[in-house]
Each structure stands twice: as structure tokens, then as C-alpha cells.
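# Structural characterization, general
If you want the building blocks of each chain, they are given just below.
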Amino acid sequence: VFFQNFVPSFGKETVRTTAVTPQFEQNMDYVDFIHLNILEKKVLNNSEVSVQYLCSKPCIVNLEAVASSEFRTGVPVYRRRWKDEKNLYISRTRQVHLKFPSIMVYRDDYIIRNSIIVHSVILYAWISHKSVSSYDVEQNEDYQNAVAKNYTFLEAVPPFERPFKDHKVCLQWGADYLWMLQANRIPQCPHESDGVQILNFIYASSGEKTGIVKKFEQFENRELETVRQHQIDYPMFTVSIWLYLLHHCEKDLCGILYFIDPKEMYSTPAVFLNEEGYVHIQMHLMRGGDLAVKTSFSLPLKQWFRLDLSFKGGQVEVSSVGKNLKRHHHQSFTFREDFYYDDTAGYFVVGGSGYVNGIEAFFGPVKYYRLNVLETEQISNPLHDKETVEQIELYYERCMDIQEIVYEYRYIVRQGEKVQRNCYCESYYLELIHKYGEKSKCDAFMWGKELREKYHTLFKLLQEMDFSAPDVLEDGSDAVLEVGQRIFEKVAKSLSSADGLSNMGYSVPFLVDSSCCGYHKASYFLAVIFETGLGVSVDRTKGLLYSLVGAQGNERLAVMNLGYKHYQGINNYPVDLELSYAYYSNIATKTSLDQHTIKGEQAFVETIRLMDDELLKAQTKENGDVFMWLKHEASRGNAAAQQRLAQMLFWGQQGVAKNPEAAIEWYAKGAIETEDPVLIYDYAIVLFKGQGVKKNTKLALELMKKAAAKGLPQAVNGLGWYYHNFKKDYRKAAEHWLIAEELGNPDASYNLGVLYLDGIHPGVPGRNQTVAARYFYKAAQGGHIEGTLRCSLYYITGNMEDFPRDPEKAVIWAKHIAEKNGYLGHVIRKALNAYLELSWHEALLHYVLAAETGIEVSQSNLAHICEERPDLARKYLATDCVWRYYNFSVSQVNAPSFAYLKMGDFYYYGYQNQSKDLELSIRMYAQAALEGDSQGFFNLAVVMEEGNSIPSYILDHLEIDQALHSSNTSLLQELYYRCWNNSNQESISPCSLALLYFYMRVFWNNILQSTLIYFMGTFLLSILVAFAVQYFQSLSARNSPGTRSEPSSDEPSSSGNGNEDATRLVQPDESTFSNDLAQQDSNLQNPLVMS
């Protein structure tokens, strides 16, 4: 009873197992002794112990067993004592049978429901020279003051190796049967370890407010989970992080690794980097509040090192370890506070988040030991990809040299120009030379020959550059960046020329120099060039290097490239949804900001497919027919034309260059002349924000009210936005937003969510994140960018009740927003314009750049170009372009049906070096059918016609009832019917012909196989005999007039040849399939011919 009611505890020190202290050993009498002999040292009931002892005085012999369970240590589970007053100075032996609680020694059964997992049992024995009154003395004092003592360990028996107990009771039949059903089931503990690899692959952290989110669940293993719960108030864990730090934090603190609790507050641990490079460590206390410390050593820059942190109760150990695993720095902190630590109540973040910027660095492997404190030598967290690690080091070493050369070269040239300008006032001739003559350059090098040969391409470019134009900023880093931009623009122009891709090998060194100058569009170019083998040999290591460098430099396309690779697991990148989300959320956040910035090379992302002739014809330019016609109509006061023209100019749509100033002129003209509510609203917005025009809040408000009065939902939302931002009148703002939301405006839903999130919704006390999240979700369903981004954050963290953690959904939502980025749209637009102008090299280059970011429309368009120009693809791409990018396309959530059909054909017929795969082919056709493409159903029917069967799981996916369509004929009928149903029913389509031909075949087959044929044969024969008799009678009756009857043949005509040609035409969308319907038809009639 005592054992069953003890309070669980574990891991605490106890005096019961404390070693004997010297002062008591000095008082021991050497004559008295006690020994324990056990035949089987296991925790078993009725284990026999032989106790041999000798007393020099009247004594009490004590025997006690102390157990340590998974919940607590030092629990007495057996006690026995006896007196010996007569047998002095005589060695005595006594046999004792140990008895333990049933839950320690028996298996679970109907009565013993939860047996205890015992870690160890210590059997203590000691002798005390005491009187009978000493029975009331505390046991600990007895043992400490014992004249002789001894102990031994008993081995615990695992629960499922223990015997069942005979309870000497009879269970009811039902209870006994229920127990026997599960009596012999031995549950297996899941294989779990407290060592978790948070990050396996290198992560490029650009210092933005995005990072890797990791959430940990409770252990499935009961023992591990018990230990974890016990350590909530006594943390024992270790974190090991590899870093390549580029810069210290620019201001305040930057996130390395930290934990955020359900209340969105920092918890234990929180590790940051400050401006001086010191590590800031913060812990949350059990009593509330936080405690922080700072290391006395700073972290090194531009070298790989490992940062190890371990927490043991109130002790924190911090170490810095080099690549050779030798410790560089170590510091220990000790506190008398109890830290709160529960790694399942919240989530970890590596890098940045909405609360703090991340560090500018490359993260290597990150290992987390949830329950153990390890020394540096014990931590197993190696740097796996040593080649990439070394490449990163070499890259930044080289770039330091290049940046120094560029800065010094520019400085020398500028200084020389200043000296020359001082002489212009004295010489008009020199002034004219400077104005119209050749620009000055540095011919006298101050650098050595070895350095000039090493960077000869850079020096050649620098000599050709004009440094006379004044820089926007005099800061050296901006000057170096400007040089990098000039180099890139020159190379990009060369690559976009008629035969530009043939010069790729010559252009790569210049792109490397541009990348080193900090212009990371060049870095992304290099990543794509080396990964796809565009004009060079494929080099995956260099491709990864420049992808990481570009992403760390915040180049949008490079970041998306890494996000896509980790989402799909392409090119041996490990699938890591949390890492993919870190990249995609970075660009998704920028997309919202970029849309409010009218500057920069941006264009609206449009889904224009190269096989869609109608859309291609609608593309225009400022001098194009479509644009000129719209301009003509707009000038005549056509509101729709004014609205479309303004949108094209403002966002850069439909091939028109972005021109916000011209767009605003049309917005203003339309708002004043046509009274169109959309134009009035758009003009009011640009006046409010001052985008391309001077701010005019008064006029903007008048226009907004005017548009709202006309019932425009976004204008009603705009009034709420005005009261929120300008008047801080949250009541009026909420009223307008509620009206706009009822009208279906997603912006209003998002704005209401913000009111609840900030705790400023009228009449609602405090923040309400749950209601806010619901409004954000509603906004996301309406396509709202910020709402979608908020929901993706909820899915990755799992901190909201209505949003269970779903990393894949989080990635999909963040990817959807990132692919709306205007900088990506600009690259896609350049590719499309080049295609329309038949500039094949430029089109191929820019479509490859866009496709590698993971946007589907560019992938399918690139595959189309490679099909259209196979000679170009074979010459300049080392990868199989058609296969690679159609394959990428069908892996997307929004893949078009024609891509599924293409891949289905490739798997069905085999494609170049790719083997045939019938099942994959059927899956592709089925997916196209699910997208509503009639060709998918047709192809599935053709596959069946050729003697193949469709797997049952695909039929279930197509929602075809196999019970109703058990025969091939019935299934074919259903497929052809769906083919016809999904095609244009108003005209004769290939599917309608295929369905008609199928019905004719079925009808003819049924006739031939029925008894009706025998009746028809007999009937025809009798008619033939009757005609013959009549004929002969007419010949004999010469006097009677008659008519000569010609015998007629009414035999069934063969449908083989007649329908064969028609059948071959039943091929929707001009796809080629081998159709043997005619052959099958003739096979069905062969038995008839024989009979």
C-alpha cells in the first residue's frame, strides 16, 4: 500500500545512497560484521537471502530494500529487523525471504493494471548496538551510526519478463475472456532517441525576419517522456550549432536559436548575437520573468566553428569549437534560480522570425539533445558536406581580394580625376578633352604580377569602366556593388544576343567577379548555369555554392530556388519542409512589400503559356496594336479601356513596361471624366499613399467616399483604412470593415483580424488571436497576400488551435505568395518578349532562370521551347530539358493537364533513355482526367483497348464504381462517356466519334452473338426460295405479264475497313496514340466468319 501511494519523483539526490563518511568509519568496531549472500540477485518474490553477522554487544540487525523507479528514487519497499542479545562474539547466519510489492515483481493482469518499471534495487544490511527503545529512532540515523553495514544490488526484471501472479480469485467469465484477449500482447516501445538533428543541410540566413521553425512533440517512449516531464523545472539538454558568420548583428540582437511559447514569448533557451559578436543567452524562470547573460568571448567571422551550449539545472556551459574540434573558448554560468523548460509547449526557431532578425551567416548541422548534458568530446554533430564547406570559405577569401582591388582601383582613378579637374580652370583644352575625349583609366598598376594574372578578367573590365560619374553614395561597399552591377549588365547583354549562349564559358569568370562584388543576380545566374549545364559542364557543388551565396545575399530568385529544391528534393537536395518554408516565407514577405514599391525591375506575374495562341496574340507593347487601340478608346472616354490601360501601365502587365506616372494620369482622367467607381478608388489610393504623385489626403478621402457611395466594396474597406490609419478611430474603421466584409472584400476580413490581433477592436477587451486567425483565414481564401502569409505561419508553428501543424501546407501557401513576386515576373516577362521576338538564346536563358525557381508556368514553357527547338536544347543544356521540366511541372500543385498527358506519353512509349512504365503512364492520364481533360479519359480507354488493365486504386481515385463497372465493356463505356462529357458537346468532337463508334461496335457484337441471327437467316432463306418459285412460275405462265425480279443480298456488311480510318481520327488535342480499334473489331468478327 505504501509503495502504490508514493509521489512520483526522479533524478534527485538522496541521502539513502550517500557513501559512508570518514568520521563514522573511525567509530566502527572491527569485531562486528555483516555479510549478504544471494543466490539469484534479481528482484523476485521470496528471494532467499543469507545474512551472516557477528555482534560484540546486544544488537539489532536491520535489513531494508530501497528501490528506484521511473518516477522516484530511494523508496523503501521491504524492511525487516530482529534482535540478538545472547549470541555475542559468535558468527550467526539467518535465511530471510524477501517480499516485494506485486507491481514490482509481476506482470500486468486484470487486477495489477500498471506494473512499475524498476531501475534498480539496493538491499542494505546493518547492525546497531542499541536497546529495545531504539526501535523508534529514524532509519537514516541507524544506518549512519551503524557499527557494521553492507549492501548489494538486485537486478530489476523487465515487466514483460515477469511471471503472472496467482491471485487465488475467480474472475467472472466476461472479465476473464476480455483479459485473455490481450494477456499475451507485449507492447513494443518505439525506437526513440533524445538526440534530434534540427538541421542537416546548410542554411543560408540573410539576416531577415524569417527562419527555420521546428516543433517537438512528446516522446512516444514512456520512459523518455517521464524524464522529459521531470526536467521541466530542472533542464538538462545540449545544443550544438555549426556556423559560418559573415557579420555581427547590425543593431540590438539577432537570433541564432530560441524557443517561443504558446503566448508568443521567449522561453528557455533563447540564444542571440549582439553588435559586438558576443553571445546573449536568455532563460525563462519558474517564478516568472527572465534571466540573461552574455559571454565574455565574441564569435569569429568568416570561419567555420561550432557553438555548443549545455544546460544542467542552473548551470549553463558555452563553448566555441573549431573545425578541428579543438575548443577555442569556454565559459560557465551558475545560477540559483530554477529555469522553466518545456520544449513541447511552443516551437524552436533557427535564425529570424517576426520578433527578431536572424544572423547573417550560413548554418551548418544543428544537433539537439533533449534530455542529456554532454561534454564537447561526446557531441556527435559532424560537418557532413565538407566540399561545400570548403567552397564557401574559398569563395569569401577570393571575394575579399576582389572587393579590395575594386575599391582601391576606383579610389586611384577618382583621385587622378580630381587632380585633372583642378587644372581645367587653367586650360580650356584640357576641359574639352575631359568632356569629349576618352575616359581616364589606370594603366600603371600598383598590384603585383601574380595578382594581376590571378584576376586578369577583373583588371580588364576595370580598365574599360568609366568612374567619372559621381556615385549616389560615397560609401566604399556601395561603390563595389555598383561595379558588380556594371559587370553583370555587360555580361547579361552579351548572353542575350543572337549567339550569346555560345559565349557562356567566356562569361562565367566575369559573373564570378560580379558575384564577389556583392551583386547576387550574378550569383543566381552562376547557380543555374552550373546546375543545368547551360553552356558549361554540370557542376553540382558550384551550383549549390552560388545558390547559397545568392540566397544569403537576399537575391529573390536564388532564395526561391533553394526553397523549391528542398520542397521537392531535386538534385540530391534533402526534402526538408521547414527549411523550404524558411526560404519561401522570406520571399513571400518581400512580395507584399515589393508590390507597394513602384521602383525596381518588376512586372506582374502572368500565367501565359506558349501553346496558347489567343493569349500570345493579346501581348503587346507601347507601340503595339492592342495598346494603341486601348489608348484610342481611353482617350474617347471609355471607362473600361481607361481602367485596363492604367492597370497595364501601373503593374507592367501584358507586355507593357511599368510606368506608374502614366498610369496615374489615366486613373485621374477616368476618375474625373467617367465617374467609374473602380477608377475613382484606384486614384484615391495613389493619392493616399503618394505613389507616383504628391499626397493629397483631402482629395483622396472625397474620392474614396464617392466610390463607396457607388457600392464598391474595396472603397468601403478603404474608408475603414482611412479611419484606422489617419484618424485612429477604430470604431468607425470596424464598422466600415464589417460592411465591406459582408460584401465579400478579403482586405476587410484581414483588417478585422488585425484589430483582434492588436487588441483594439471596439467592445472586445484584450487580444483575441483565435478570432483574428479566423479572419486571416477568410482573407486568405479570398486571395489576400498578407492573410495567406499569416495562415502559412500558423500552419508551420502549430501554435493556434484551429491550425494544426502542417508544414507541407505552410510551404504550399508561402510558395503561392512568393511566386507573385514582381522581380520574378520581370524575368518571366523578358523571357516571353524574347520568345515573341524569336530571340531564342535570350528566351532559353530567362526561361531556365525562371523555371529553376519552381514556378510551373515557366517550367512547362521551357519544356515547350525545348520541344520546338530541340537543336538549341541539345547544344546548350546538359540536362534532358523536355523530360526534366515536364517532370517538374507535374510535381506541382497547379500542374496543367497537358503536362500530365505529356508525361503519360513518355512513360507509355518510353522517352529516349527513360524506360517504359505502364502504371505511371496510367496515373498521369488519370490525373489529367481529374483535371477535366477529355484527352485523359480517351487515353485511359485506349490503354484498355490495347489489352491493359487499370489498377483499382486509380479507378477509386476517378470515382468509378468497380461494382457497377466490373466488365471491360462497361468500364470502356464509362471512360468514353466521360471523355464526351468533358469535351465540347455542341460540336462533333473526337470523343463523340469515339463514343459513337464504341456503341456501334457493342450493338453489332450483341447482334452477332444473339439467337436473332438464326431467325434472320431462316427468314432470308425462305424469302429467297419464295422468289425462286415465283420466278419459275412466271416463266411457265407465258400468257401472264410480269416483272423480272432480281435477287437481292441482305447480308450484314463488315465494319472493319469502313470504320478503321474514322477510328484513327479520334485523337483529341492532336496527341498521337496507336489505336487498334479496327483490329480489335475484326478479331470480334472472326468467329462469325468461321461459322
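The structure reproduced in this document is the subject of the present report. (Residues numbered from 1 in each chain as written. Predicted model: local features only at pLDDT ≥ 70, side-chain atom pairs only at ≥ 80, totals over all residues. Heavy atoms only, no water.)

## As for the overall build of the protein
When helices and strands are tallied, the protein shows 41 helices and 20 strands. Expressed as a percentage of the 1091 residues in the protein, the buried residues total 50%. Counting contacts in the protein only where the partners sit at least 6 residues apart, residues at least 24 apart contribute 67% of the total. In the structure as shown, the protein presents an accessible area of about 54,000 Å², 51% of it carried by carbon and sulfur atoms. (Helix = DSSP H or I, 4+ residues; strand = E, 2+ residues; numbered from the N terminus. Buried < 20%, exposed > 50% of the residue type's maximum accessible area, 1.4 Å probe, protein only. Contact = heavy atoms within 4.5 Å. Areas by Shrake-Rupley, 256 points an atom, 1.4 Å probe, with all protein chains shown as cover.)

## Focus on the sheet that holds strand E3 (residues 59–69)
Pairing is antiparallel across the open sheet formed by 4 strands, whose spatial order is E4-E3-E6-E7. If you trace the sheet from one side to the other, it starts and ends with strand E4 (75–84) and strand E7 (148–154), each paired once. The sheet shows a mean angle of 15° between the axes of neighbouring strands, taken without regard to direction. Sheet analysis places strand E6 (residues 118–128) next to E7, joined by 7 bridges and oriented antiparallel. Directly across from Ala125, in E7, lies its bridge partner Asn150. (Pairing = 2+ DSSP bridges. Axes fitted to C-alpha atoms, helices over the stretch in contact; angles between N-to-C directions.)

## Some words on the state of the cysteines
Formally, a disulfide is one covalent bond, and it connects the sulfur atom of one cysteine to the sulfur atom of another. For the coordinates displayed, the defined rule picks out 5 disulfides. Each disulfide pairs two cysteine sulfurs, and for Cys866 the partner residue is Cys881, the sulfurs being separated by 1.8 Å. Residues Cys866 and Cys881 are joined through a disulfide that is right-handed, its torsion about the S-S bond being 70°. Here Cys866, found in helix H30 (residues 856–868), pairs with Cys881, found in helix H32 (residues 881–890); they are 15 residues apart in sequence, far enough to count as distant. (Disulfide = S-S within 2.5 Å.)

## A look at the environment of Ser934
Following the sequence through the fold, Ser934 ends up in helix H35 (residues 934–945). Remark: the alpha-carbon pair of Ser934 and Tyr976, spanning 42 residues in sequence, is separated by 8.9 Å. Those residues in contact with Ser934 that sit more than four places away from it in its chain are Cys979, Asn982, Ser983 and Cys991.

## A few points about the side chain of Thr210
Inspection of the secondary structure assignment puts Thr210 in the loop between strand E9 (203–206) and strand E10 (211–214). In contact with Thr210, other than residues within four places in its own chain, are Tyr203, Gly351, Gly352, Ser353, Ala582, Ser585, Asn586 and Thr589.

## Quick notes on empty space enclosed by the protein
Under the counting rule described, the total for this entry stands at 3 cavities of 30 Å³ or more. Looking at the largest cavity, the residues that line it are Phe604, Val605, Glu606, Ile608, Gly825, Ile828, Arg829, Leu832, Tyr847, Val857, Ser858 and Asn861. Those elements giving two or more residues to the lining of the largest cavity turn out to be helix H28 (822–836) and H30. Among the residues making up the lining of the largest cavity, the classes are represented as 7 nonpolar, 3 polar and 2 charged. The calculated volume of the second largest cavity comes to roughly 60 Å³. Around the second largest cavity sit Tyr203, Ala204, Ser205, Ser206, Gly207, Glu208, Thr210, Ala551, Val559, Ala582, Tyr583 and Asn586, which together line it. Elements represented by at least two residues in the lining of the second largest cavity include exactly E9 and helix H15 (577–595). It is E9 that provides the largest number of residues to the lining of the second largest cavity, a total of 4 residues. For the lining of the second largest cavity, a count of residues per class yields 6 nonpolar, 5 polar and 1 charged. (1 Å grid on protein atoms, 1.4 Å probe; cavity = no way out; pocket = protein on both sides within 12 Å on 5 of 7 lines; lining within 4 Å. Points joined across faces, edges and corners; volume = space filled by probe spheres on them. Nonpolar A, V, L, I, M, F, W, Y, C, P; charged D, E, K, R; others polar.)

## Comments concerning the pattern of salt bridges
A complete count under the given rule lists 28 salt bridges for this structure. Asp343 is paired through a salt bridge with Arg228; the nearest N and O atoms lie 3.7 Å apart. Here Arg228 lies in helix H5 (residues 222–230) and Asp343 lies in the loop between strand E18 (327–334) and strand E19 (347–351), a separation of 115 residues in the sequence. For Asp343, a relative accessible area of 2% gives the class buried. Owing to a relative accessible area of 4%, Arg228 belongs among the buried residues under this scheme. Across the salt bridge formed by Arg306 and Asp308, the nearest N and O atoms sit 2.9 Å from each other. (Salt bridge = Lys/Arg side-chain N within 4 Å of Asp/Glu carboxyl O.)

## Observations concerning the packing of helix H25 (residues 769–781) against helix H26 (residues 785–797)
Remark: H25 packs on H26, axes separated minimally by 7 Å, with the N-to-C direction vectors making an angle of 125°. As judged from the angle between their axes, H25 and H26 are oblique. Remark: the crossing between H25 and H26 carries left-handed chirality. Each of Ala773, Phe776, Tyr777 and Ala780 in H25 lies in contact with H26, whose residues at this interface are Gly787, Thr788, Arg790, Cys791, Tyr794 and Tyr795. Of the residues assigned to the contact of H25 with H26, the class counts are 7 nonpolar, 2 polar and 1 charged. (Parallel < 35°, antiparallel > 145°, perpendicular 65-115°, else oblique. Left-handed = near helix turned anticlockwise from the far one by under 90°.)

## Comments concerning the packing of H28 against helix H29 (residues 840–851)
For the pair H28 and H29, interaxial distance at closest approach is 8 Å and the crossing angle is 150°. With respect to H29, the element H28 is oriented roughly antiparallel. Crossing hand, H28 versus H29: left-handed. Contact residues: Leu824, Val827, Ile828, Lys830, Ala831, Leu832, Ala834 and Tyr835 in H28; Trp840, Glu842, Ala843, His846, Tyr847, Leu849 and Ala850 in H29. Here the residues of the contact of H28 with H29 are counted per class, giving 12 nonpolar, 1 polar and 2 charged.

## Examining the pairing of E3
Taken across its 11 residues, E3 has 11 buried, putting it largely inside the fold. Burial of E3 is two-sided: the residues Cys59, Val61, Leu63, Ala65, Ala67 and Ser69 facing one way and the residues Ile60, Asn62, Glu64, Val66 and Ser68 facing the other way are all buried. Bridging between E3 and E4 involves 9 bridges; their strand directions are antiparallel. Paired with Cys59 across the strands is Asp84, a residue of E4.

## A closer look at the side chain of Ser792
For Ser792, the position within the fold is in helix H26. Given the relative accessible area of 0%, Ser792 is considered buried.

## Re the nonpolar core
Residues Ile256 and Phe362 are the most contacted members of the largest nonpolar core, which totals 261 residues. Listed in part, the 35 residues of the second largest apolar core include Tyr53, Val61, Ile112 and Ile127. (Core = buried A, V, L, I, M, F, W, Y, C linked by side-chain atoms within 4.5 Å.)

## Remarks on the sheet that holds strand E1 (residues 33–38)
Spatially, the 3 strands line up as an open sheet ordered E1-E2-E5, and their pairing is antiparallel. Two strands in the sheet have a free side with no partner beyond their single neighbour: E1 and strand E5 (92–98). Adjacent strand axes in the sheet meet at a mean angle of 25°, parallel and antiparallel pairs treated alike.

## Focus: the packing of aromatic side chains
Here the structure, examined in full by the defined rule, presents 53 aromatic pairs. Ring geometry for Phe488 against Tyr519: centres 5.4 Å apart, planes inclined by 50°, an arrangement best described as tilted. Of this pair, Phe488 sits in helix H10 (residues 476–495) while Tyr519 sits in the loop between helix H11 (504–516) and helix H12 (521–532), and the two are 31 residues apart along the sequence. As far as the burial class goes, Phe488 and Tyr519 line up, both buried. Each ring, one from Tyr794 and one from Phe803, has its centre 5.2 Å from the other, and the planes form 50°; the classification is tilted. The class of Tyr794 is buried, set by a relative accessible area of 7%. One aromatic cluster in this structure is built from Phe216, Phe237, Phe259, Phe311, Tyr341, Phe348 and Tyr368. We note Arg94 situated over the ring of Trp82; from NZ or CZ to the ring centre the distance is 4.6 Å. Seen from the ring of Phe219, Arg370 lies directly overhead, with NZ or CZ sitting 4.2 Å from the centre. (Phe/Tyr/Trp six-rings, centres within 6.5 Å; stacked < 30°, edge-to-face > 60°. Lys NZ or Arg CZ within 6 Å of the ring centre and 35° of its normal.)

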